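# Structural features, examined
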Amino acid sequence: MTHQSADNDRWQRRSFSGRMRRFNRHVTNYRKSLTRLVGTVLVASLMWGCTEEGQTRTTNETILTIGSAEEPQTLDPQYGLFGQIQQATFPAVFEPLFFRELDGKTIYPLLAEGYQFIDPLTVQINLKQGLVFSDGTEFNADDVVFTLNRLADPPGASIPIKYVTDAIANVVAIDPFKVTVHLNEPTPNFIGYLMEVPMLSAQIGDAAPADFNKLDAAIGTGPYKFAEWRRGDMIEYVRNPYFRDEPAPWEKVVLKFIPNHAARVAALLAGDIDLTNYIPTTDVKRLERAEDVTVTTVPANRALYFHIDIERGNSPFVTAKNGQPIENPLKDVRVRRALSLAIDRDLIVEKILDGYASPAAQWIAPGYIGHEPTINDVTPDRSRARQLLIEAGFSDGFAMTLHGTAGLYGPDRRILQAMAAMWEKIGLKVEVDAIPAGVYWGRWANREFSVSLSSYGLQYYRTAPIVSVTLDTDGYDNIGGYSNSQVDLLLAQANAAHVSDQQEQLASIARITADDVALLPIYHFKYVFGYRSDRVSYQPTHNVRDLEILNAAPIAQSQVTQVR
Amino acid sequence: MVSILLLRIGQSAISLLGISFVVFASVFLIGEPASLYDPLVREDPARLAALRSELGLDQPLYIQYINFLRDVVTGKFGTSWVYQEPAMQVILERLPATLELVALAIAIAFCIGYPLGLLSGWKKPSALSASIERISVLGYSAPTFWVGLVLIYIFAVGANALPSIGRGGTAQVFGIQLSLFTADGISHLILPALTLSLYEIGYFTRMISTMTEETKHKTFISFAHAKGLPVSRVISNHLLKAISAPLVTIVAIETGALIAGSVITETVFAWPGVGKLLVDSVAALDRPVIVAFVLLTAIAFLVLNLAADLVQMLMDPTLRPKGVPA
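Just so you know, these numbers come straight off a predicted model, no measurement behind them.

### Notes on the overall build of chain A
- When helices and strands are tallied, chain A shows 17 helices and 20 strands.
- On C-alpha atoms alone, chain A measures out to a radius of gyration of 32 Å, which is more than a quarter above the 24 Å that the 2.2 N^0.38 rule sets for 564 residues.
- Projecting the C-alpha coordinates of chain A onto the three principal axes gives extents of approximately 125 × 70 × 45 Å.
- Within chain A, the proportion of its 564 residues that are buried is 55%.
- Element-wise, carbon and sulfur atoms account for 51% of the exposed surface of chain A, whose accessible area totals about 24300 Å².

### Re a positive patch on the surface
Residues and elements named next belong to chain A.
- Among the surface-exposed residues, Arg-19, Arg-21, Arg-22 and Arg-25 lie close enough to one another that they form a single positively charged patch.
- Tracing the backbone shows Arg-22 in helix 2 (residues 17–50).
- Judged by its relative accessible area of 38%, Arg-22 is partly exposed.

### Overview of the pattern of salt bridges
- Inspection of the entire model under this criterion finds 22 salt bridges over all chains.
- Its salt-bridge partner being Arg-511 of chain A, residue Glu-372 of chain A comes within 2.4 Å of it at the nearest N-O pair. Residue Glu-372 of chain A is found in the loop between strand 14 (357–359) and helix 12 (382–391), and its partner Arg-511 of chain A is found in helix 17 (residues 503–516); the two are separated by 139 residues along the sequence.
- The closest approach of N and O atoms between Glu-133 of chain B and Arg-206 of chain B, which form a salt bridge, is 3.9 Å. In this pair, Glu-133 of chain B sits in helix 6 (residues 127–141) while Arg-206 of chain B sits in helix 8 (residues 183–215), placing the two residues 73 residues apart along the sequence.
- Given the relative accessible area of 17%, Glu-133 of chain B is considered buried.
- Several salt bridges share partner residues, and in doing so they unite Glu-228, Arg-230 and Asp-233 of chain A into one network.

### With respect to the packing of helix 8 (residues 261–270) of chain A against helix 9 (residues 281–289) of chain A
Residue and element names in this part refer to chain A.
- Contact geometry for helix 8 and helix 9: axes closest at 11 Å, N-to-C directions at 5°. Relative to helix 9, the element helix 8 is oriented roughly parallel. Contacts between helix 8 and helix 9 pair Val-265, Leu-268 and Leu-269 from the former with Asp-283, Arg-286 and Leu-287 from the latter.

### So, the side chain of Thr-276 of chain A
- Its location among the elements puts Thr-276 of chain A in strand 11 (residues 275–276).
- Polar side-chain contacts of Thr-276 of chain A include one of 3.0 Å to the side chain of Arg-264 of chain A.

### Describing the pairing of strand 5 (residues 122–127) of chain A
All names here are of chain A.
- In terms of burial, strand 5 is a largely internal element, 6 of the 6 residues being buried.
- Sheet topology note: the strand 4 (residues 112–119)/strand 5 ladder contains 6 bridges and is antiparallel. Each residue of the ladder has a partner; that of Ala-112, found in strand 5, is Leu-127.
- With antiparallel pairing between neighbouring strands as the criterion, strand 4 and strand 5 make up a hairpin whose turn holds 2 residues.

### A closer look at helix 12 of chain A
Residues and elements named next belong to chain A.
- Those residues of helix 12 not exposed but buried are Ala-385, Leu-388 and Leu-389. Down the axis of helix 12, the smallest arc covering the buried residues is 100°, so these residues share one side.
- Packing partners of the buried residues in helix 12 comprise helix 10 (333–342).
- Positive backbone phi, at 95°, marks Gly-393, one or two positions downstream of helix 12.

### Quick word on the sheet that holds strand 5 of chain A
Residues and elements named next belong to chain A.
- Pairing is antiparallel in the open sheet, where 4 strands are placed in the order 4-5-7-6. Edge positions in the sheet fall to strand 4 and strand 6 (168–175), since each has one partner strand and no second. Averaged over all neighbouring strand pairs, the angle between strand axes comes to 20°, with direction disregarded.
- Where strand 5 lies against strand 7 (residues 178–183), 5 bridges are found, and the strand directions are antiparallel. Within strand 7, the position partnered with Asn-126 by the bridge is Lys-178.
- Contacts from helix 4 (residues 141–152) reach strand 5, strand 6 and strand 7, with the element oriented near 170° to strand 6.

About the criteria used
Throughout this document, residue positions are counted from 1 along each chain, in the order its sequence is written. A letter from A marks each chain and a number from 1 marks each ligand, given out in the order of writing. Where totals are concerned, whole chains, interfaces and linings use all residues; where local detail is concerned, this predicted model gives features only for residues with pLDDT of at least 70, and gives and counts side-chain atom pairs only at 80 or more. As a convention, hydrogens and water are excluded, and side-chain values are obtained from all of the structure's heavy atoms. Strands are runs of DSSP state E lasting at least 2 residues, helices are runs of H or I lasting at least 4, and numbering of each runs from the N terminus. When we talk radius of gyration, it's over C-alpha atoms, and the globule rule is simply 2.2 Å times the number of residues to the 0.38. To sort residues, take the accessible area from a 1.4 Å probe on protein chains only and compare it with the maximum for the residue type: under 20% means buried, over 50% means exposed, and anything in between is partly exposed. Only the protein chains shown count as cover for residues, with accessible areas throughout obtained via the Shrake-Rupley method and a probe of 1.4 Å. Two distance rules govern patches: like charges are joined within 9 Å, and nonpolar side chains (Val, Leu, Ile, Met, Phe, Trp, Tyr) within 5 Å, applied only to residues with over 30% relative accessible area and no salt bridge. The working definition used for a salt bridge is a side-chain nitrogen of Lys or Arg within 4 Å of a carboxyl oxygen of Asp or Glu. Working convention for charge: Lys and Arg count positive, Asp and Glu count negative, and His plus the chain ends are omitted. Where a charge lies is defined by one atom per residue type: Lys uses NZ, Arg uses CZ, Asp uses CG and Glu uses CD. An axis is simply a line fitted to the C-alpha atoms; with a helix, the fit covers only the stretch in contact. Between two such axes, the angle follows the N-to-C directions and lies from 0 to 180 degrees. If an angle is under 35 degrees, it is roughly parallel; if it is over 145, roughly antiparallel; if it lies from 65 to 115, roughly perpendicular; otherwise it is oblique. The contact criterion used is simple: two residues touch if any of their non-hydrogen atoms lie within 4.5 Å. Side-chain atoms alone can form a polar contact between residues adjacent in sequence; in general such a contact is a pair of N or O atoms within 3.5 Å, and within protein one must be able to donate a hydrogen while the other accepts it. Two strands make a pair as long as DSSP finds a minimum of two bridges between them. The arc under discussion is defined with respect to the helix axis, by the directions toward the C-beta atoms.

And the structure:
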């Protein structure tokens, strides 16, 4: 009996727990082999992947790596808003008919051979022969006609050079290398305007910006062409095999997008990039101390200034200190002068901008066309400002909100706060509203603000047109509504003259508008570039903020030692 | 099981609808994208009107929303105003970069946080456990952008050992370009993944520490001790199983949070992922991309949660609805 039950037990064990044990062993074995299999697959794919990767620099290739703070939205040079599009496309890939020397204003023919004004309304442009696009097709007059027509009405949005498209009535190709441009009005600076128009290939037909982004339509005559655009990461350029002159100095150029300023500076210090701009003023000293890094500073014709609501009887953000609406005090020139006298520009430049700017008494910077040397006093005078306020009838002061961008122009928020504090010292109550650029400009253009920040880079041929749109009574950027018939007359005269003859009118305009405080300029920018002197030698074009690939030359290879 | 799945999917769809409406309404109320799109429209009302109608901005809000929903259901998320390409394509181009960053960050956080948390929880109360907890606080209080920059300065600028910015060379893996499997790619991944994982290390450590501490006093653990099992077996065979179920949920939620919250790290390291895309799109008021991104993140969260719940149900029989076999 016991024997049988023992046998039964054993039988039961074998039939259940024995099976469980065997099952567990199978599971363990199965798990082991599965783990081994998965592990092998992973290791194999890792090794296989390692053999296929993209490599960073080697000593053999000359590669220029540029760190850019902004990424263009498209590679279509006729669609775009700011310098990001120009530095990415132009003139490294697309070239204009005429271009400027390093001084920023001397014109030389690039794709054109020459020009002549047959009469004030007609220009004939002769093109160079034998030029070829990066797809092998010939460059001729058809491309010029196509480009200028497309500029007037591009698929998508257009670049803000309305003064160029407004000037052109129509363009005709007389023979394969001669183009006649008929103008709407006498435009003596037209050739200078053409400096900003890169030539496209007529072969692209009705290509839209998306076609440029895919690189299908991005065909230019320049020394480089696009190899790849990895969104959010970088643009890669290679040499254009059809370029007319000797090959470009760099085999490859990489434009890396690093929006965080501190990270970009760190990348320059680490040698991950060779060249960059938009260096925060607090980091410049660090870069100057570093060996192998050179910092170049260029005083620019760009001011940070404020529009003041001069026109409206009731300004939206100006009230009495108790909140009651009042008659707009900004209409009184004495109040505006008081606002200007209360600002200590030297202090702002020294403390907030670390000296990388110059205090501005007028809109146009010294040394540039339209600058009036007698207007140079930036000494603050708070007691005089108080006095002016009292004379204007505002001994109790008033309340105001100051509007500006947040982070678009370096330490703009701190500048706004400093200005508010300075105005409080003369008895005003000031609030600051710093708004991100995407939202700010729309509202600014709608004239929603009373005192609002703005800035515009003035190029040599672009000075008079920009001053017009800002200060002319009908100018579309005349946010404050400033209106002075004398200024309007002077502007008309300036725009009808060649740039070299505009000084007198522009200087008079500067005197009148400074007296009227039409705008409130604070400082003139200094563009700061940093580059690794062990790899590259960079010369910025005067008064240009963009990074220009063609201005960077490699240092002789024998001096290159560091490779990552 | 299937009915549960269907119920959960139905609930998720309702959540998705609510989210889409909130996002759509809030983006609509901000800014005037037309003037950013083309600055010339400011002085030309006819051009502005034409542009607004082309972008569909002149329709009443509810019609724009209905059009949007219809497009979403048929798979079109609209065309990005900035890139002139389908919004979903713009996002999917950059998704692999973010996903590999998040994957590595979660892996690092898990590998560091799990053992630390176990140690801290098991040894409570003790000096070791207290110091681990204090250090973990640093993990989730240090601001990401600062940590990232410090790491760059130490490893890239100072030691010159790792690259400071950008993504490394990629290799094609199952049709997707990933930089996880290339040596150059990994060297670029380390610093951003470390930065991103810091918060999670602190979080995981504390969570696991708390759960371990709660579980170690339970009866079945005492029983395991009483049986004479060594501590390592008590932990590996009994404790881990008990805390794994809620851990799955936590990991799933944190993965979703990292996908959505990698923005700052990506900006600091110039990492070409969807986080940076979102920042750029918000700055440019590129509404189609913003809405598509938020919906994508919402879907990711819901899917991750659903997966976490299912895995939990598989792991823990007590969580299964009654009558459902294993």
